[in-house]
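Okay, here's what each chain looks like letter by letter:
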Amino acid sequence: MHISAFGAALRTPDLRKKIFFTLALLALYRLGSVVPTPGVDYSAIQRCIDVVQDNSVYALINLFSGGALLQLSVFALGIMPYITASIILQLLTVVIPRLETLKADGQAGQAKITQYTRYVTIGLAILQSTAILSLARTPGALFSGCNEQIIPNQSVWVILVMITVMTAGTAVIMWFGELITERGVGNGMSVLIFTSIIATIPAQFASIWGSRGPFTFSLTLLVGLAIVAFVVFVEQAQRRIPVQYAKRMVGRRMYGGTSTYIPLKVNMAGVIPVIFASSLLFLPTLIVQLTGSQSEWAVWVSTNLGTGSGMYYSLFYFALIVFFCYFYVSITFNPVEVADNMKKYGGFIPGIRAGRPTAEYLDYVLTRLTAPGSLYLGAIAVMPLFAFGFLGVSNQFVFGGTSLLIMVGVGLDTVKQIEAQLQQRNYEGFLR
């Protein structure tokens, strides 16, 4: 969006109100990310963070919470319980007939699924906060190599209060996200994740400037901008399948006879395969750190997967992303369902018969489109590891595939929403 368009958005009263409302909620979100949970020794937490600040594993853990998780703040869990719950419900929709029926019921069914997602989010928040605090009670368990006493008073009452506060923080974040979606600008949950990611970037830039100098800082910035430009280019790419609707008489009115298209993006899966792959690769390292094992497999995991870089890590990462890309696309886009809906409303693809041939054609196109899409996702995820590793800033600049795709995707979506509202207002003024 151009600067003039942004100025026009601020000059539009209702849009300006939405933008300021969104910014106010984001400010509250960032404030809650630095307010410590009652019972936490804040100075001890800061000393431990200084010990593990160069560990890429801890940086990955902290990514989606914007630095709040390791500080054990009120919003320590961030938006991740909600994302996990949403993914779980989306996967269960394919398996459980009841959820599949609700999804087909339209807005009422979707509202019910949203309610289930909220319940699962609170349950996951309770489990995650309990797990994190159980680690924090033991010196050196949450922060490897730091033997500070993070929670001085470990009575049952204090621990219960901390679990309640962190769970309530997740509920408040979920509420913030829904408020932004309804009364603000953009998708609320996505905007909150976007804010968490960009909140850590200035500190990373300052660290690179201080330790590596202005030349390496400039090269890092150029590499980052080049990767972002490539992501923007591919994220906008799509294959448009033309659809023609036949004319039909309903009462005294003629309907149909219009032409439209089905937009199939090159990256149909979005950022989900990258999140799945990074989470799965993180599990072995987490198990080794929690158990403290020194066996042969533990040493191999720590050496090859614990660093977040290297040949083995990159190969596993790339392969998992390609697999999850095909898997996620297969469960989110059903060619048979799309073909049936087109046939129901008199739609057809020119040159393709309605019904089963249409479903087979869509499946064929989708399979061919997912191939470059999955390779693109894998390349975007692995490319920063090599690019920033070559510059020697990979431990200081966690600007990997997940954060890149989220930032670009959320940024493009928010800009499109603002521009759409501006165009709608201008068209109304023109018609008047």
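Once a new chain begins, its residue numbering starts again from 1 and follows that chain's sequence as written. Thresholds applied to this predicted model are a pLDDT of at least 70 for local features of residues and 80 or more for the giving and counting of side-chain atom pairs; totals over whole chains, interfaces and linings are not thresholded and use all residues. With hydrogens and water excluded, all non-hydrogen atoms of the structure serve as input to the side-chain values.

Turning our attention to the pattern of salt bridges. Each reported salt bridge corresponds to a side-chain nitrogen of Lys or Arg within 4 Å of a carboxyl oxygen of Asp or Glu. Overall, the coordinates contain 3 salt bridges when judged by the stated rule. Where Lys265 meets Glu235, a salt bridge forms, and the shortest distance between an N and an O atom there is 3.8 Å. Taken as a pair, Lys265 in strand E4 (residues 259–265) and Glu235 in helix H10 (residues 214–235) lie far apart in primary sequence, 30 residues in all. What makes Lys265 partly exposed here is its relative accessible area of 31%. Summary of the burial criterion: residues with accessible area below 20% of their type's maximum are buried, those above 50% are exposed, and those between are partly exposed, where the area comes from a 1.4 Å probe applied to protein chains only. Judged by relative accessible area, Glu235 falls into the buried class, the value being 10%. A salt bridge links Glu360 to Arg356, with the shortest nitrogen-to-oxygen separation between them at 3.1 Å. With Glu360 and Arg356 both in helix H15 (residues 356–391) and 4 residues apart, this pair spans about one turn of that helix. A relative accessible area of 66% places Arg356 in the exposed class. Strands here are runs of E lasting at least two residues and helices are runs of H or I lasting at least four, both read from the DSSP assignment and numbered beginning at the N terminus.

Another aspect to go through is the environment of Leu142. Mapped onto the secondary structure, Leu142 falls in the loop between helix H7 (107–136) and helix H8 (156–183). In this structure the C-alpha to C-alpha distance between Leu142 and Leu70, which are 72 residues apart in sequence, comes to 8.6 Å.

It is at 7 Å that the axes of H8 and helix H9 (residues 188–212) come closest, and there the two elements cross at 115°. On H9, the residues touching Ile173, Met174, Phe176, Gly177, Glu178, Ile180 and Thr181 of H8 are Gly188, Met189 and Leu192. Residues are grouped as follows: nonpolar covers Ala, Val, Leu, Ile, Met, Phe, Trp, Tyr, Cys and Pro; charged covers Asp, Glu, Lys and Arg; every other residue, Gly included, is treated as polar. The residue inventory of the contact of H8 with H9, partitioned by class, reads 6 nonpolar, 3 polar and 1 charged. All axes are obtained by fitting lines to C-alpha atoms, using only the stretch in contact for helices, and the reported angles, taken between N-to-C directions, cover 0 to 180 degrees. Whether two residues touch is decided by their heavy atoms; if any such pair falls within 4.5 Å, the residues are in contact.

Two rings from Phe, Tyr or Trp (for Trp, the six-membered ring) form a pair when their centres sit within 6.5 Å of each other. Planes less than 30 degrees apart are called stacked, planes more than 60 degrees apart edge-to-face, and all others tilted. Enumeration according to the criterion identifies 6 aromatic pairs in this entry. Seen from their ring centres, Phe75 and Phe176 are 6.4 Å apart, and the 90° between their planes marks the pair as edge-to-face. Residue Phe75 is found in the loop between helix H4 (56–63) and helix H5 (80–95), and its partner Phe176 is found in helix H8; the two are separated by 101 residues along the sequence. Side by side, Phe75 and Phe176 carry an identical accessibility label, which is buried. On the basis of an interplanar angle of 65° and a centroid distance of 5.3 Å, the ring pair of Phe323 and Phe324 is categorised as edge-to-face. A relative accessible area of 12% means that Phe324 is categorised as buried. An aromatic cluster of three or more residues is present, and its members are Tyr29, Phe75, Trp175 and Phe176.

This next bit is on the environment of Phe21. Among the structural elements, Phe21 can be located in helix H2 (residues 13–32). Between the C-alpha atom of Phe21 and that of Arg183, which follows or precedes it by 162 residues, the distance is 7.7 Å.

A few words on the pairing of strand E1 (residues 238–245). Pairs of strands are assigned from DSSP output, requiring at least two bridges between the strands. Relative to E4, E1 runs antiparallel, the two being bridged by 7 bridges. Bridge pairing links Arg240 to Pro263 in E4. As judged from the 2 bridges shared by E1 and strand E5 (residues 347–348), these two strands associate in the antiparallel manner. The residue of E5 that forms the bridge with Tyr245 is Gly347.

Moving on, we come to the nonpolar core. Residue types Ala, Val, Leu, Ile, Met, Phe, Trp, Tyr and Cys, when buried and joined through side-chain atoms within 4.5 Å, form a set referred to as a nonpolar core. Ranked by internal contacts, the top residues of the largest apolar core, which has 66 residues, are Ile79, Leu192, Tyr317 and Leu405. Per-element tally for this core: the top contributor is H15, with 9 residues. Among the nonpolar cores identified, the runner-up in size contains 23 residues, and Ala125, Leu142, Phe143 and Met166 belong to it.

Together, Ile88, Leu92, Val94, Val95 and Ile96 make up an exposed nonpolar region whose accessible area comes to about 380 Å². The residue Ile96 is located in the loop between H5 and helix H6 (97–104) in this model. Patch membership is restricted to residues that have no salt bridge and whose relative accessible area is over 30%. Joining uses 9 Å for like charges and 5 Å for the nonpolar side chains Val, Leu, Ile, Met, Phe, Trp and Tyr. Values of accessible area rely on a 1.4 Å probe in the Shrake-Rupley scheme; residue burial ignores everything except the protein chains shown.

Quick look at the side chain of Glu178 now. Secondary-structure assignment places Glu178 in helix H8. On the accessibility criterion, Glu178 (18% relative accessible area) is buried. The contacts of Glu178, once residues within four sequence positions are left out, are Thr114, Arg118 and Met189.

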